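Read off the chains here:
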Amino acid sequence: MNTNIILTSASSNMMMSDYLSHFEARSARAAVQNLQTLLDTSGISQDAYTQTEIRAMVKLEQLKLVGDLGLAEILLRGKLISEIENEGLWSFHPNRYSSMKDAARDQGISLSEYSNIRNLYNIVFPYLTQDLGLNLAEVWEEVGKSNFRELCPYLVRVITGERSTSRHVENAY
């Protein structure tokens with residue numbers, strides 16, 4: 001199977017596709033660097049492992065690092081949504097959207113994803129980093145994208161104190 005086809009097909013925009021393709025090589029170098037730092041810090045020589053074990057450790061570290069793309073996507077989308085909403089840009093678009101939700105949906109973002117992105121970017125992430133002083137990247141690695149999406153309405157309820165429209169969230173609270 002040619003996995004390069006998948007990477008070069010990651011975006012319909014040639015510039016983005018090229019960037020994502022190069023990201024694989026960069027993430028591999030970062031994974032090697034992280035492994036080397038870990039070995040140096042623990043005083044373990046690479047010679048203690050077979051080439052296959054080293055490759056396994058590098059590829060799994062790379063898999064973890066690529067997970068950061070999920071966080072980067074939410075942070076960038078959150079920033080863009082915030083800018084578009086704050087400036088009312090959705091209403092100036094030639095498509096004459098009746099709301100930001102309509103504009104987001106037209107960009108392939110479901111209403112639940114839109115809500116999650118906004119809540120994570122505007123409420124949950126600032127609370128974790130500014131109020132609790134946590135490292136967002138480390139928390140993201142531990143919790144994961146799916147768990148954050150599931151926890152989002154509960155975290156918003158706890159952080160803001162505002163009642164949720166979800167019966168499940170209110171019952172859990």
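Since we're looking at a predicted model, the values are computed, not measured. Throughout, a residue's number is its position along its own chain's written sequence, starting from 1. In view of the model being predicted, local features appear only for residues whose pLDDT reaches at least 70, and side-chain atom pairs are presented and counted only at 80 or more, with totals across whole chains, interfaces and linings using the full set of residues. Only hydrogens and water are removed before side-chain values are computed, so all heavy atoms of the structure are retained for them.

Regarding helix α2 (residues 14–42)
Item 1. Secondary structure counts use DSSP, requiring at least four H or I residues in a row for a helix and at least two E residues in a row for a strand, with both numbered from the N terminus. Expected span, for any helix, means 1.5 Å times one less than how many residues it has. Helix length check: α2 (29 residues) gives 42 Å between terminal C-alpha atoms against 42 Å at 1.5 Å per residue, within 8%.
Item 2. Buried, partly exposed and exposed residues are distinguished by accessible area as a fraction of the type maximum, computed with a 1.4 Å probe on protein chains only: under 20%, between the cut-offs, and over 50%, respectively. Looking only at α2, the buried set comprises Ser17, Ser27, Ala31, Leu35 and Leu39.
Item 3. Whenever a nitrogen or oxygen atom comes within 3.5 Å of another N or O atom, the pair is scored as a polar contact, on the condition that within protein one atom can donate a hydrogen and the other can accept it, and that pairs from neighbouring residues in sequence are kept only if both atoms are in side chains. Two to three positions downstream of the cap, the backbone nitrogen of Met15 sits 2.9 Å from a side-chain oxygen, assigning the N-cap of α2 to Asn13.
Item 4. Gly43 sits one or two positions beyond α2 and adopts a positive phi of about 75 degrees.

Things to note about the packing of aromatic side chains
Item 1. By convention, a stacked pair of Phe, Tyr or Trp rings (six-membered ring in the case of Trp) has centres within 6.5 Å and planes under 30 degrees apart, an edge-to-face pair has planes over 60 apart, and any other such pair is tilted. Within this structure, the stated rule accounts for three aromatic pairs.
Item 2. Relative to Phe148, the ring of Phe125 lies with its centre 5.7 Å away and its plane at 90 degrees, an arrangement referred to as edge-to-face. Placement of Phe125 in helix α6 (residues 111–131) and of Phe148 in helix α8 (residues 145–160) is noted, with a sequence separation of 23 residues between them.
Item 3. Between the aromatic rings of Trp140 and Phe148, the centroid separation amounts to 5.4 Å while the plane-to-plane angle is 15 degrees, which identifies the pairing as stacked. Like Phe148, Trp140 is buried.
Item 4. Three or more aromatic residues link up through ring pairs in this structure, and these residues are Phe125, Trp140 and Phe148.
Item 5. The ring of Tyr173 carries the charged tip of Arg157 above its face, separated from the ring centre by 3.7 Å. Each ring is checked for a lysine NZ or an arginine CZ that lies within 6 Å of its centre and within 35 degrees of its normal; such an atom marks a charge sitting over the ring.

Quick look at the confidence of the model for the protein chain
Item 1. Scored by pLDDT, the protein chain comes out at a mean of 90, with 95% of its residues at no less than 70.
Item 2. The predictor reports its confidence for every residue as pLDDT, a score running from 0 up to 100. For the protein chain, helix α1 (residues 3–8) is the element with the lowest average pLDDT, namely 59, and α6 is the one with the highest, namely 96.

Let's talk about the pattern of salt bridges
Item 1. We define a salt bridge as a contact between a side-chain nitrogen of Lys or Arg and a carboxyl oxygen of Asp or Glu at a distance within 4 Å. On inspection of all chains with the given rule, the structure shows 10 salt bridges.
Item 2. We note a salt bridge from Glu85 to Arg118, for which the minimum N-O separation is 2.8 Å. One end of the pair, Glu85, is in helix α4 (residues 68–87); the other, Arg118, is in helix α6, with 33 residues separating them in the sequence.
Item 3. The class for Arg118 is partly exposed, based on a relative accessible area of 30%.
Item 4. Salt bridges here are not isolated pairs; linked through shared partners, they connect Glu73, Arg77, Glu113 and Lys145.

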